[in-house]
Amino acid sequence: MTDRVLNAGVLGATGTVGQRFIVLLAQNPMFRIHALGASERSAGKAYRLAAKWKMSEQMPAGIADTLVRGCDPAQFAGCDVVFSGLDAGVAGDIERAFVDADFAVFSNAKNYRMHPDVPLCVPVVNTDHYAVVPAQRAARGLRRGFIVTNSNCSTSGLVVPLKALQDRFGPLSRVMVTTMQAVSGAGYPGVASLDILDNIVPLIPGEEPKMEAEVLKILGGVAPDAAACAPLESLRVSATCNRVPVVDGHTECVNVEFAGAAPSVEDVKQCLREYTCEAQALGCFSAPAQVIRVADDEDRPQPRLDRNAGAGMSVTVGRIRECPVFHVRFTLLVHNTVLGAAGASILNAEYAAKKGYL
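Just so it is clear, the model here is predicted, and its values are computed rather than measured.

S.K.: Looking at this model, I keep getting lost on the nonpolar core. Mind explaining?
M.R.: Here is a general trend for soluble globular proteins: nonpolar side chains tend to be buried in one another's company. Ranked by size, the top nonpolar core spans 82 residues in total, and within it Phe31, Phe83 and Phe106 carry the most contacts. In terms of residue count, helix H11 (residues 338–354) provides more of this core than any other element does, nine residues in total. Once you skip the residues sitting within four places of it in the chain, phenylalanine 83 turns out to touch Ala8, Gly9, Val10, Leu11, Phe21, Leu25, Phe31, Phe106, Ser345, Ile346 and Ala349. Ile94, Phe98, Val105 and Val118 belong to the second largest nonpolar core, which has 18 residues in total.

If you want it as structure tokens, here you go:
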């Protein structure tokens, strides 16, 4: 366990996920921004000249004149942790190079999420999957390096209430989810204005199979020898994903069927309100005071009103009611660039530090 301030590097620092990393790390007493990496096109430039700043928050003091480095492990000497906001098209080779150079990498990219010995961790849900890190290190001949990924942004919100329900009421048999996903999830420049204004796009390429597979891995366990994760085999998940004209905050309509008897609506509400996680018990800085906020107003959650719950690290659940086809249905909201992206990676690193992995 360490409580010292950790030097942090950010890969893909000029992109929107990288910018969110910078905003959150600048507010976090556990980390000091030590290195910013981006493409060779940006390397050598002052950050303010390399990045087109898209956050509503001001660029943190001291960052503007920081020189951007190339995404080369040799240029990140002195970093205790490396956060990756890289696009999946380039993340694979770069992240592998950093892990092979014995860095602890916390990735927002999809490339290694489904590798059996890589934790796919939503840090308010399945930190028990860190148990595979020693096997991952051993397989790669590493002393301190490893990689932990966080989930797809839409998956991150879904698995939080599902985990609470699974823990309290036993296995789930079927889940159906329909998402309404914010444009920030597509990055910058993202979706063309003529495609999204006054419109809904009923396709996000590759999103549905990612959600369906990631839920099974996250809600599953770890193999008896702790060499790999063990995804659920009995749960079936069906996802339909849509892009909507909202800046931040993914809304998801969820239907759940239990393998056993269905709990009452009031039991479900109580279960969600009482859900806690290990990161809270450890006192991690980014862990929300309440993981799941149950909305009492019948017309909530709404992105503009609820996305910043718990500084973007809480999931808001409302419209909890019986389902005539499944057992229960509800609507949830998750901040897709905080718990759904950079915030999850940072809390993953906080947890790793508290548990002695760093």
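S.K.: Looking at this structure, how should I read the environment of glycine 310?
M.R.: By the element assignment, glycine 310 lies in the loop between helix H10 (303–306) and strand E13 (315–322). Exposure remark for glycine 310: the relative accessible area of 38% places this residue in the partly exposed category. The spatial distance from the C-alpha of glycine 310 to the C-alpha of isoleucine 292 is 9.2 Å, given a sequence separation of 18 residues.

S.K.: Explain unusual backbone geometry here, please?
M.R.: Of all residues except glycine, most have a negative phi; of all peptide bonds, most are trans. The omega torsion of the bond from tyrosine 188 to proline 189 falls at 5 degrees, within 30 degrees of zero and hence cis. Relative to the assigned elements, proline 189 resides in the loop between strand E7 (172–181) and helix H6 (193–196). Cis peptide bonds are those with omega within 30 degrees of zero, and the linkage from arginine 300 to proline 301 qualifies with 15 degrees. Its identity as a non-glycine residue notwithstanding, aspartate 102 has a phi of 75 degrees, on the positive side. Position of aspartate 102 relative to the elements: it lies in the loop between helix H3 (88–100) and strand E5 (104–107). Aspartate 102 gets classed as buried once you look at its relative accessible area, which sits at 18%. Even without a glycine there, the phi angle at alanine 311 is positive, about 55 degrees. Positionally, alanine 311 belongs in the loop between H10 and E13.

S.K.: What exactly am I supposed to notice about helix H5 (residues 153–169) here?
M.R.: Structural remark: α-helix, 3.6 residues per turn; residues separated by three or four positions point the same way. The first and last C-alpha atoms of H5 sit 26 Å apart over 17 residues, in line with the 24 Å expected at 1.5 Å per residue. Considering bend angle alone, the principal kink of H5 is centred on valine 159 and spans about 30 degrees; proline proline 161 follows within four residues of it. Buried residues dominate H5, accounting for 14 of its 17 residues. Just downstream of H5 lies glycine 170, where phi reads positive at about 95 degrees.

Reading guide: rules and limits
Residues numbered from 1 in each chain as written. Predicted model: local features only at pLDDT ≥ 70, side-chain atom pairs only at ≥ 80, totals over all residues. Heavy atoms only, no water. Core = buried A, V, L, I, M, F, W, Y, C linked by side-chain atoms within 4.5 Å. Buried < 20%, exposed > 50% of the residue type's maximum accessible area, 1.4 Å probe, protein only. Helix = DSSP H or I, 4+ residues; strand = E, 2+ residues; numbered from the N terminus. Contact = heavy atoms within 4.5 Å. Expected span 1.5 Å × (residues − 1). Bend = angle between axes of the 7 residues up to and from the residue.

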